[in-house]
Amino acid sequence: MPTSSASTTDASAKPTAASGGVQSLERAFDLLERMADAGGEVGLSELSTASGLPLPTIHRLMRTLVACGYVRQQPNRRYSLGPRLIRLGESASRLLGTWARPYLARLVEETGETANMALLDGDEIVYVAQVPSKHSMRMFTEVGRRVLPHSTGVGKALLAYTPADEVRALLARTGMPAATEKTITTPEGFLEALEQVRKSGYAVDDNEQEIGVRCLAVSVPNSPTAAAISISGPAGRVTEAVAESFVPILQGVAAELSVALQSQSPA
């Protein structure tokens, strides 16, 4: 994002030479993303330091976002993400799930197991798409369901390359409740699991979210938003032995889905 000086405040609505877009829109969306990265609530001085923009420019942009309902000003004069963003996010998630379904269907055809797509939304994992297995015994995860990252394969895949201090901060906010007796319940244990994901190239949920269910997951590389895909099924079918053949399929589909999602974004 380009920086500006206080003398250029009136120029923020003009097209930028670098992108051909409208600078004020670029700045507004950059501020929203920085707010999300900061946990959803920030002060103007924090935004100024992070973005490099002068306070008058940020104040004007935030006033506009507040008026539109995309940002709220708290009683402590800090700013938080507003409720109108929820509708946009829900619609975008549904579209993302629609785009992903053909790729998940291919995963089902090639592995025989239920395929899922999930996003990291704040501190939670949200499932946005699923194609069920054709087996009579199969796994169902309700689209829209939210779970904590520490007990899922997709959570591990999504957090594998997040700095350790950020992972610890997330875990401190969410806690690490045990869904089963096999759930990882300590930050050290979870960080060790993330190290294993980095070494192997995929994540495993081994009866950690639900007893009798095993899941293999990989992140979608270079996705416009942090996303992961997985296959899940009975632990007796999704064994360590089949992982050798299933993981390359997962990785190949994730790479193709990445290209498809990036093609949906403007050049």
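For the structure given in this document, a descriptive report is provided here. Since we're looking at a predicted model, the values are computed, not measured.

### As for the sheet that holds strand β7 (residues 203-206)
Thinking step 1. Here six strands make up an open sheet; going across it, the order is β6-β5-β4-β9-β8-β7 and the pairing antiparallel. Strands at the two margins of the open sheet, each flanked by one partner only, are β6 (146-147) and β7.
Thinking step 2. Here strand β4 (residues 114-121) runs beside strand β5 (residues 124-131); their pairing, made up of seven bridges, is antiparallel. The residue bridging Asp 121 from the neighbouring strand is Glu 124, located in β5.
Thinking step 3. In the packing of helix α8 (residues 240-263) onto the sheet, contacts are made with β4, β8 (213-219) and β9 (227-234), and the angle to β8 comes to roughly 40°.

### Quick word on the pattern of salt bridges
Thinking step 1. All chains considered together, the criterion is met by 15 salt bridges.
Thinking step 2. The closest approach of N and O atoms between Asp 123 and Arg 173, which form a salt bridge, is 2.7 Å. Of this pair, Asp 123 sits in the loop between β4 and β5 while Arg 173 is found in helix α6 (residues 164-174), placing the two residues 50 residues apart along the sequence.
Thinking step 3. The class of Asp 123 is partly exposed, set by a relative accessible area of 22%.
Thinking step 4. By relative accessible area, Arg 173 is classed as exposed at 54%.
Thinking step 5. Between Asp 206 and Arg 214 there is a salt bridge, and its shortest N-O distance comes to 3.5 Å.
Thinking step 6. Connected through salt bridges with shared partners, the residues Glu 41, Glu 46 and Arg 78 form a single ionic network.

### Some words on the pairing of β5
Thinking step 1. With seven of eight residues buried, β5 is to be regarded as a mostly interior element.
Thinking step 2. Here β4 folds back onto β5, and the loop between the two strands holds two residues, one of which, Gly 122, carries a positive phi near 65°.
Thinking step 3. In the sheet, β5 pairs with β6 via two bridges, with the strands oriented antiparallel. Following the sheet pairing, Ile 125 is matched in β6 by Val 147.

### Points about the nonpolar core
Thinking step 1. Membership of the largest hydrophobic core comes to 28 residues, with the highest contact counts inside it found for Leu 104, Leu 107, Met 117, Leu 216, Ile 229 and Ile 231.
Thinking step 2. For this core, the secondary structure elements donating two or more residues are α4 (84-111), β4, β5, β8, β9 and α8.
Thinking step 3. Top element by residues in this core is α8. It accounts for nine residues.
Thinking step 4. Those residues in contact with Leu 216 that sit more than four places away from it in its chain are Tyr 202, Ala 203, Val 204, Ile 229, Ser 230, Ile 231, Val 238, Ala 243, Phe 246, Val 247 and Leu 250.
Thinking step 5. If you look at the next biggest cluster of nonpolar residues, it comprises 15 residues, including Leu 31, Val 42, Leu 47 and Leu 65.

Cut-off values and rules
Residues numbered from 1 in each chain as written. Predicted model: local features only at pLDDT ≥ 70, side-chain atom pairs only at ≥ 80, totals over all residues. Heavy atoms only, no water. Pairing = 2+ DSSP bridges. Helix = DSSP H or I, 4+ residues; strand = E, 2+ residues; numbered from the N terminus. Contact = heavy atoms within 4.5 Å. Axes fitted to C-alpha atoms, helices over the stretch in contact; angles between N-to-C directions. Salt bridge = Lys/Arg side-chain N within 4 Å of Asp/Glu carboxyl O. Buried < 20%, exposed > 50% of the residue type's maximum accessible area, 1.4 Å probe, protein only. Core = buried A, V, L, I, M, F, W, Y, C linked by side-chain atoms within 4.5 Å.

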